[in-house]
Amino acid sequence: MNKSSNDKIGLNEIMKRAQEMQKKLQDIQKQVAEMEVTGQSGGGVVKIVMTGQHYAKKVTLDPNLLKEEKSIIEDLIAAAINDATDKIERNLRDKMGGLAGIKLPEGLGDLPK
């Protein structure tokens, strides 16, 4: 089967775009790994600083919170962790949305007729 020069150009273009997408994905992964977010709960009485890799770096508790019941403190810590995790995930989704800007060659995504 003979491949036309158009097929070769199309394949080269596909490979180029795939490499661009891979590079952007690596950049996003690096940005997320270096990211830090602060999750909060109880109006800021609990703050958790977390990296993009979901590691808690710092926990801050308002001193007045220590007068509360243990179960309340535990719930507020869990809520702050969840807030930080949600922020990381939203940030990642926003960054990944940028990958949609890479257009595939015309006709590549078309369904067969």
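Computed from a prediction, not measured in an experiment: that's the story for all the values here. (Residues numbered from 1 in each chain as written. Predicted model: local features only at pLDDT ≥ 70, side-chain atom pairs only at ≥ 80, totals over all residues. Heavy atoms only, no water.)

## A look at the overall build of the protein chain
Inference 1: Each helix and strand in the protein chain was counted, giving two helices and three strands.
Inference 2: Per-residue burial for the protein chain yields a buried fraction of 19% across its 113 residues.
Inference 3: When contacts within the protein chain are restricted to residue pairs at least 6 apart in sequence, those whose partners lie at least 24 apart make up 55%.
Inference 4: Carbon together with sulfur atoms contributes 53% to the accessible area of the protein chain, which is approximately 8600 Å² in total. (Helix = DSSP H or I, 4+ residues; strand = E, 2+ residues; numbered from the N terminus. Buried < 20%, exposed > 50% of the residue type's maximum accessible area, 1.4 Å probe, protein only. Contact = heavy atoms within 4.5 Å. Areas by Shrake-Rupley, 256 points an atom, 1.4 Å probe, with all protein chains shown as cover.)

## Quick notes on the sheet that holds strand 1 (residues 36-41)
Inference 1: Pairing is antiparallel in the open sheet, where three strands are placed in the order 1-2-3. Of all strands in the sheet, those bounded by a partner on one side alone are strand 1 and strand 3 (56-61). On average, each strand axis in the sheet is tilted by 15 degrees relative to the strand beside it, whichever way the strands run.
Inference 2: Relative to strand 3, strand 2 (residues 46-51) runs antiparallel, the two sharing five bridges. (Pairing = 2+ DSSP bridges. Axes fitted to C-alpha atoms, helices over the stretch in contact; angles between N-to-C directions.)

## Details of the UniProt feature "coiled-coil region" (unreviewed entry) in the protein chain
Inference 1: Under the feature "coiled-coil region" (unreviewed entry), the UniProt entry names residues 11-38.
Inference 2: For residues 11-38, the helix share is 86%, the strand share is 11%, and the end-to-end C-alpha distance is 45 Å. (UniProt positions renumbered as here; feature names shortened; annotations may be inferred.)

## Some details on the pairing of strand 3
Inference 1: With respect to burial, strand 3 is a largely exposed element, only zero of its six residues being buried.
Inference 2: Turn length for the strand 2-strand 3 hairpin, with the two strands adjacent in sequence and antiparallel, is four residues, and the turn residue H54 shows positive phi of about 70 degrees.

## Some thoughts on the side chain of S41
Inference 1: Within the secondary structure, S41 sits in strand 1.
Inference 2: Overall, S41 belongs to the buried group, its relative accessible area being 8%.
Inference 3: Polar contacts involving the side chain of S41 include one to the main-chain carbonyl oxygen of L76, which spans 2.5 Å.
Inference 4: Filtering out sequence-adjacent residues up to four positions away, S41 remains in contact with V46, L76, I77, A79 and A80. (Polar contact = N/O pair within 3.5 Å; in protein donor to acceptor, adjacent residues only side chain to side chain.)

## Some points on the nonpolar core
Inference 1: Judged by nonpolar contacts, the single largest core of 13 residues is most densely connected at M35, V37, V46, I48, M50, L65 and I88.
Inference 2: Among the elements of the structure, helix 1 (5-34), strand 2 and helix 2 (70-97) are those that each provide at least two residues to this core.
Inference 3: Residue contacts for V37: discarding those within four places in its chain leaves I48, V49, M50, A84, K87 and I88. (Core = buried A, V, L, I, M, F, W, Y, C linked by side-chain atoms within 4.5 Å.)

## Thoughts on the environment of G43
Inference 1: Looking at the secondary structure, you find G43 in the loop between strand 1 and strand 2.
Inference 2: Distance from G43 to L76, taken between C-alpha atoms, is 9.9 Å for residues 33 residues apart in sequence.

## What about helix 2?
Inference 1: If you check helix 2, its first and last C-alpha atoms are 41 Å apart, about what 28 residues at 1.5 Å a residue would give, namely 40 Å.
Inference 2: Those residues of helix 2 that are buried are in contact with strand 1 and strand 2. (Expected span 1.5 Å × (residues − 1).)

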